[in-house]
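Listed here are the chains, written in short residue letters.
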Amino acid sequence: MLLTITIIASIGFILAVMSFITGLQILRGNAETSKKMHRLNGFLAFAVFFILAVLIFFGKEQTTTLLFWALISGFILSYAKMRVVKNKRAYKYSSQIGFLLLVIWVIVLTQIIRHLS
Amino acid sequence: MASLFLLTANLQAAMIHVPSDYKTIHESVEHASPGDTVMVGEGTYRENIQITKPLTIKSEKGSENTIVQAAVRKEPVFKVLNVDGAAITGFTATGSDTAGIYIRNSRNILITDNKTLKNDSGLRIYNTRNSLFRHNTANANEQFGIYLEASGENTIEKNTVESNKDKGIYLNASHNNSVQENSVKLNIWNGIILWLSNNNTVKDNTVFRNMYGIVIAESKDTALINNTNWPNIYLILPVVLAYLALILFFIEQKIFSLLEK
């Protein structure tokens, strides 16, 4: 189970980094293809994040406080990101939220490797 | 003549049961004669036990079921002083601000199948010779898992030393010891450290994910044989995965541009 969680977290982290890179591409103006890639990677990363959270919250492994709050913050930031990209006035904050999501992924991954596996 | 003496000694050696003969372990140790065996039944005992004569202290049901918590936190759970030939087997020793098992000025000591958890240190051994520390678990202690100072000709083997907040196995000014087949993982600082310690053998140990694996400082003639040493992957893995993500990003970009054509 611990190995499964570590592998899932690793896949999620890769997708989050890919999503972050495509987000930077959008900022540089490489529009349509990057947008599609960003959306795909973002949704896949969120799906993996959701599975990971279910496995950790409802699994037998003891969660660290930092991991618990990182997962909760991840959900809040993902929701905020989805709202922000649809709102024209708040769109300028999407890159900051994207960066924070990547930070959350780093915390989640390191906490899982260090304390669970 | 010698065998006759041993036979007489064995005949005289008694078996004391805790809690049926005495309610506490330290009471039974006080009343035991050299060579006796104290057999401890399952349960949780709150006491500090000092051993100053050659005794065997064993649990009936193993370390999982026989837990000794330090009654006085600043004292060790088990303290062995000036003894030639004692054994402690099958206990969980916890809750001491000194050590789970503390041995000083002794020789021919056998420490096996114990768990020393959440103490200042798991095992602290000073000026002790010709002793065997085998199949013990020293986890989640505030400082060291197993600490030896000024001790020689000891064997530390097949122990599990994990998640201690400083060092896993620490040999300080200790010579001619053998550290072998131990599993030393996830200690915050060094996995195994030899400091001012000469002629030691470090063999067949698994040293995973400590800050530094095996550290040898100011020590001579150490035999390092067939140890497995992995770094702390929580520092490396995110970097490796980020590189992998970059490569996958380029592949994905190619796929998307091919699809759009």
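What you see is a predicted model, and the numbers here were worked out from it, not measured in a lab.

Caption draft 1: Seen up close, the overall build of chain B. In terms of helices and strands, chain B carries three helices and 27 strands. Here chain B, with 261 residues, has 47% of them falling under the buried criterion. For chain B, contacts bridging at least 24 residues in sequence account for 32% of all contacts bridging at least 6. Carbon and sulfur atoms provide 55% of the accessible area of chain B, an area that totals close to 12400 Å².

Caption draft 2: Quick peek at the sheet that holds strand 11 (residues 107-112) of chain B. Residue and element names in this part refer to chain B. Overall, parallel pairing links the ten strands, which are arranged 1-2-5-8-11-14-17-20-23-26 in an open sheet. The sheet terminates laterally at strand 1 (15-18) and strand 26 (223-225), the two strands that pair on one side only. Shown here is a sheet whose adjacent strand axes are inclined to one another by a mean of 10°, direction ignored. Bridge analysis of strand 17 (residues 155-157) against strand 20 (residues 178-180) gives three bridges, and the strand direction is parallel. Pairing of Ile156 across the sheet is with Val179, part of strand 20.

Caption draft 3: Focus on the sheet that holds strand 10 (residues 99-104) of chain B. Residue and element names in this part refer to chain B. Spatially, the eight strands line up as an open sheet ordered 4-7-10-13-16-19-22-25, and their pairing is parallel. Edge strands, defined here as strands with exactly one partner in the open sheet, are strand 4 (49-51) and strand 25 (212-217). Averaged over all neighbouring strand pairs, the angle between strand axes comes to 10°, with direction disregarded. Pairing analysis gives three bridges linking strand 4 to strand 7 (residues 78-81), with the strands arranged parallel. Note on strand 7: the bridge partner recorded for Ile51 is Val80.

Caption draft 4: The side chain of B:Thr116, seen in detail. All names here are of chain B. Looking at the secondary structure, you find Thr116 in strand 12 (residues 115-117). Since its relative accessible area comes to 1%, Thr116 is described here as buried. If we skip the residues at most four places from it in the chain, Thr116 touches Ala93, Gly100, Ile101, Gly122, Leu123, Thr137, Ala138, Asn139 and Asn141.

Reading guide: rules and limits
Residues numbered from 1 in each chain as written. Chains lettered and ligands numbered in written order. Predicted model: local features only at pLDDT ≥ 70, side-chain atom pairs only at ≥ 80, totals over all residues. Heavy atoms only, no water. Helix = DSSP H or I, 4+ residues; strand = E, 2+ residues; numbered from the N terminus. Buried < 20%, exposed > 50% of the residue type's maximum accessible area, 1.4 Å probe, protein only. Contact = heavy atoms within 4.5 Å. Areas by Shrake-Rupley, 256 points an atom, 1.4 Å probe, with all protein chains shown as cover. Pairing = 2+ DSSP bridges. Axes fitted to C-alpha atoms, helices over the stretch in contact; angles between N-to-C directions.

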